[in-house]
Amino acid sequence: MALAMAVSTGASWAQNTGLPALGDGDSISLSAERQLGDRIARELFRDPDYLEDAVLDEYVQQLWAPLVRAAVARGELSAELQERFAWRILLGRDRSVNAFALPGGYLGVHLGLMAVVSTADELASVLAHELSHVTQRHIARGMSDQSKMTPWVVGSMILGALAASKSPHAAQALIVGGQAAAIQTQLSYTRDMEREADRVGYGILVDAGYDPGGFVSMFAKLQQAAGLNDSGSFPYLRSHPLTTERMADMQARQQLNVVGPKPLPDMAHAMMAARARVLSQSSPDALKAWIQGPAALPSTASAADQAAAWYAATLSHVLLRDAAATQRHLQALGALVQSQRHLPSHAAAQRWWRLLQAEVAERQENPTLALQVLSAKTGQQTWQRPELMALAQVLQRLPEHALLPAVMAQLRQVVQQTPLDAQAWDRLSALLSVQGQALASLRAAGEAQAARLDWPGAVDRFRAAQEVALKGRLQPGDHIEASIVDVRLRHARERLRALQAPER
């Protein structure tokens, strides 16, 4: 599913901008906040709605990376905060319109939010706002105000508030110490915090090269939802109360940016919004409704709207296992994308279509076709992350294929550079397994569980790897792997003991 200015500069920034000083988070150390965030995130990783989708992950990261760079360049994100916090975005299948920052640099984004935003700039504006909540350490400041509560009680309250957006009964199981009344406001930022996140986030959004109009149009969507007496579909409104003052402030700021950068291509975004809609609402009845999308389009529908409808219908047919209809819709989507070569979004839209082609082929058990689509560029030996994840998935069925060494080599590079990439560890583990490398496969599986903060699972996998090594079934290079397993097992056990220690 968040995030930085150094705490020491928070008060001076408020004075320079005329904002009220909100207090600081000095009573909550960065380490304590990160530990609290880890505890909350661990529960979210275990939530059935948690989603690891390489395509949507890539799209969100494409929007996120420029925001982080802009925050660093503006001095909002300190080197210490970059190093100490997690900076991980978790996607949830929930169809409600919501996004939230958590302690320690975690950010949650519901697919329902991705499904309703009209442009990439609107989604980027939400990410910039949540980033600013973390960079200003608003959660730590709020925890300082609740000084009589232990961090673990606050963490339980946050989990309860998140669960309440889906099920009041689920929320009750997460509430600690009879704090039910406080749950309604625990994730609701103060008016001053919202103003600060708006203003800092707006500056980050503009400096990152996005259209600042995305902030205003997103506010308009939220205002419309509020005016319709939101019945629960927009929990974002409850945790981020919308005021006339906030909207007027953003509109005034937009007028100061008379010439802004062009919005990101709409067709590519429309396809990703369609993917979010289908994956967040994938019951048989919902899938049948998405299938009717192309037929329901008016003759004046834009290319972006057509692409979204065809994409959603194709993915829905895949999930319903209707092979013939899937191919018809996939071809229609491909023809539409190819006809829009003049649009700046064409390259990105073509890539999303190609990845959907490969997904269709893999789900229909045609790994050879999937490989042809994914490795269309002759001689290519490196791939972007979604293509790499898809190739690794397909090659599990073709363990003798000539591409396997290159794919495994790049997977090793990915996990070395980003050791918290659980999906990459999973893919590597599966490929190592089909190669008969039991020790390395179990170690990779343990790393995947550790990346999801599942310490019992990590201990189990590392211990299994250790048993393989003790039985002497080693291959060349496994002695080094066995030494790494020993170290990682000790670390996982330490984390598990800390997790099971009595909370104070």
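Once a new chain begins, its residue numbering starts again from 1 and follows that chain's sequence as written. Where local features are concerned, this predicted model is filtered to residues with pLDDT of at least 70; where side-chain atom pairs are given and counted, the filter is 80 or more; whole-chain, interface and lining totals use all residues. To get the side-chain values, take all heavy atoms of the structure and skip hydrogens and water.

1. Describing the pattern of salt bridges
One side-chain nitrogen of Lys or Arg within 4 Å of one carboxyl oxygen of Asp or Glu is enough to make a salt bridge. A complete count under the given rule lists 24 salt bridges for this structure. Close ionic contact of Glu387 with Arg351 constitutes a salt bridge, the shortest N to O distance being 2.8 Å. Taken as a pair, Glu387 in helix α22 (residues 385-395) and Arg351 in helix α20 (residues 346-363) lie far apart in primary sequence, 36 residues in all. In this scheme, a residue with accessible area under 20% of its type's maximum is buried, one over 50% is exposed, and one in between is partly exposed, where area comes from a 1.4 Å probe on protein chains only. Overall, the relative accessible area of 6% leaves Glu387 in the buried class. Helical segments are the DSSP runs of H or I of at least four residues, strand segments are the runs of E of at least two, and each set is numbered from the N terminus.

2. Quick look at the nonpolar core
Throughout this description, the term nonpolar core refers to a set of buried Ala, Val, Leu, Ile, Met, Phe, Trp, Tyr and Cys residues connected via side-chain atoms within 4.5 Å. By size, the foremost hydrophobic cluster in this structure holds 110 residues, and its most contacted members are Leu67, Leu113, Met114, Met271, Val407 and Leu411. Examining the composition of this core, we find that 10 residues originate from one element, helix α3 (residues 54-73), more than from any other. Between two residues, a contact is recorded if the distance between any of their heavy atoms is within 4.5 Å. Setting aside residues no more than four positions away along its own chain, Met271 makes contact with Ala307, Tyr311, Leu333, Val337, Ala349, Trp352 and Trp353. Listed in part, the 28 residues of the second largest apolar core include Leu36, Ala41, Phe462 and Ala482.

3. Things to note about the packing of aromatic side chains
Aromatic contacts are taken between Phe, Tyr and Trp rings whose centres are within 6.5 Å, Trp giving its six-membered ring; a plane angle under 30 degrees counts as stacked, one over 60 as edge-to-face, and the others as tilted. Per the counting criterion, the structure on display carries five aromatic pairs. On the numbers, 6.3 Å between centres and 85 degrees between planes, the contact of Tyr59 with Trp352 is edge-to-face. In this pair, Tyr59 sits in helix α3 while Trp352 sits in helix α20, placing the two residues 293 residues apart along the sequence. On the basis of relative accessibility, which here comes to 5%, the residue Tyr59 falls in the buried class. Judged by centre distance (5.8 Å) and plane angle (90 degrees), the rings of Phe215 and Phe219 are edge-to-face. Separated by four residues within a single helix, Phe215 and Phe219 lie in helix α12 (residues 213-227), roughly one turn from each other. For the pair Phe215 and Phe219, one class covers both residues: buried. An aromatic cluster is defined as three or more aromatic residues linked by ring pairs; in this entry it consists of Tyr202, Phe215 and Phe219.

4. Some words on the environment of Arg69
Of note, Arg69 is situated in helix α3. Taking the C-alpha atoms as reference, Arg69 lies 7.4 Å from Ala208; in sequence the two are 139 residues apart.

5. Looking at the pairing of strand β3 (residues 99-102)
In the case of a regular strand, side chains alternate between the two sheet surfaces. Neither face of β3 is open: one carries Ala99 and Ala101, the other Phe100 and Leu102, and all of them are buried. Only strands joined by at least two bridges in the DSSP assignment are considered to pair. In the sheet, β3 pairs with strand β4 (residues 106-110) via four bridges, with the strands oriented antiparallel. Counterpart to Ala101 in the pairing with β4 is Leu107. In sequence, β3 turns back onto β4 through a hairpin of three residues, with Gly104 there showing a positive phi of about 80 degrees.

6. Things to note about α3
Here α3 spans 28 Å end to end across 20 residues, near enough to the 28 Å set by a 1.5 Å rise per residue. Within α3, the axis deviates most sharply at Gln62, by approximately 25 degrees, and proline Pro66 lies no more than four positions further along. Under the convention used throughout, the expected extent of a helix is 1.5 Å for every residue step, that is, one less than its residue count. Here the bend at a residue means the angle between the axes of two seven-residue stretches, the one that ends at it and the one that starts at it.

7. Description of the side chain of Gln449
Along the chain, Gln449 turns up in helix α25 (residues 438-451). For Gln449, the side chain forms a polar contact with the side chain of Asp454, separated by 2.8 Å. When residues no more than four places from it in sequence are discounted, the contact partners of Gln449 are Asp454, Gly457, Ala458 and Arg461. Contacts described as polar in this section are N or O atom pairs within 3.5 Å, which, within protein, must combine one atom able to donate a hydrogen with one able to accept it, while residues neighboring in sequence count only if both atoms come from side chains.

8. A few points about unusual backbone geometry
The phi dihedral of Arg321 falls on the positive side, at around 60 degrees, and the residue is not glycine. Examined against the element boundaries, Arg321 turns out to sit in the loop between α18 (303-319) and α19 (323-339). Owing to a relative accessible area of 75%, Arg321 belongs among the exposed residues under this scheme. In this structure, Glu365 takes a positive phi of about 60 degrees despite not being glycine. Tracing the backbone through its elements, the reader meets Glu365 in the loop between α20 and α21 (367-374).

9. Some thoughts on the environment of Gln35
Along the chain, Gln35 turns up in helix α2 (residues 30-46). Along the chain, Gln35 and Gly104 lie 69 residues apart, while their C-alpha atoms are 7.2 Å from each other.

10. Re the sheet that holds β4
Where strands meet in a sheet, backbone hydrogen bonds hold them as pairs that are either parallel or antiparallel. Ordered in space as β1-β2-β4-β3, the four strands form an open sheet in which the pairing is mixed. Either end of the sheet is taken by a strand with one partner, and the two such strands are β1 (50-51) and β3. Bridging between strand β2 (residues 88-92) and β4 involves five bridges; their strand directions are parallel. What sits directly across from Gly92, in β4, is His110.

11. Some words on the confidence of the model for the protein
With 80% of its residues at a pLDDT of at least 70, the protein reaches an overall mean of 83. When pLDDT is averaged over each helix and strand of the protein, the minimum, 29, is found for helix α1 (residues 10-17) and the maximum, 98, for helix α24 (residues 422-434). Confidence over residues 1-25 falls short of pLDDT 50; this stretch has 79 contacts with residues more than four positions distant or in other chains. Every residue gets a pLDDT, meaning the predictor's confidence in that residue, from 0 to 100. Counting contacts from residues 168-187, a segment whose pLDDT is below 50, to residues more than four positions away or on other chains yields 28 contacts.

12. With respect to the environment of Ser125
By the secondary structure assignment, Ser125 is in helix α6 (residues 120-135). The spacing of Ser125 and Tyr210 is 85 residues in sequence and 8.4 Å in space, taken between C-alpha atoms.

13. Looking at the pairing of β2
Across the five residues of β2, five count as buried, placing the element largely inside the fold. Of the two faces of β2, the one carrying Arg88, Leu90 and Gly92 and the one carrying Ile89 and Leu91 are both buried. Pairing analysis gives two bridges linking β1 to β2, with the strands arranged antiparallel. Bridged to Tyr50 within β2 is Gly92.

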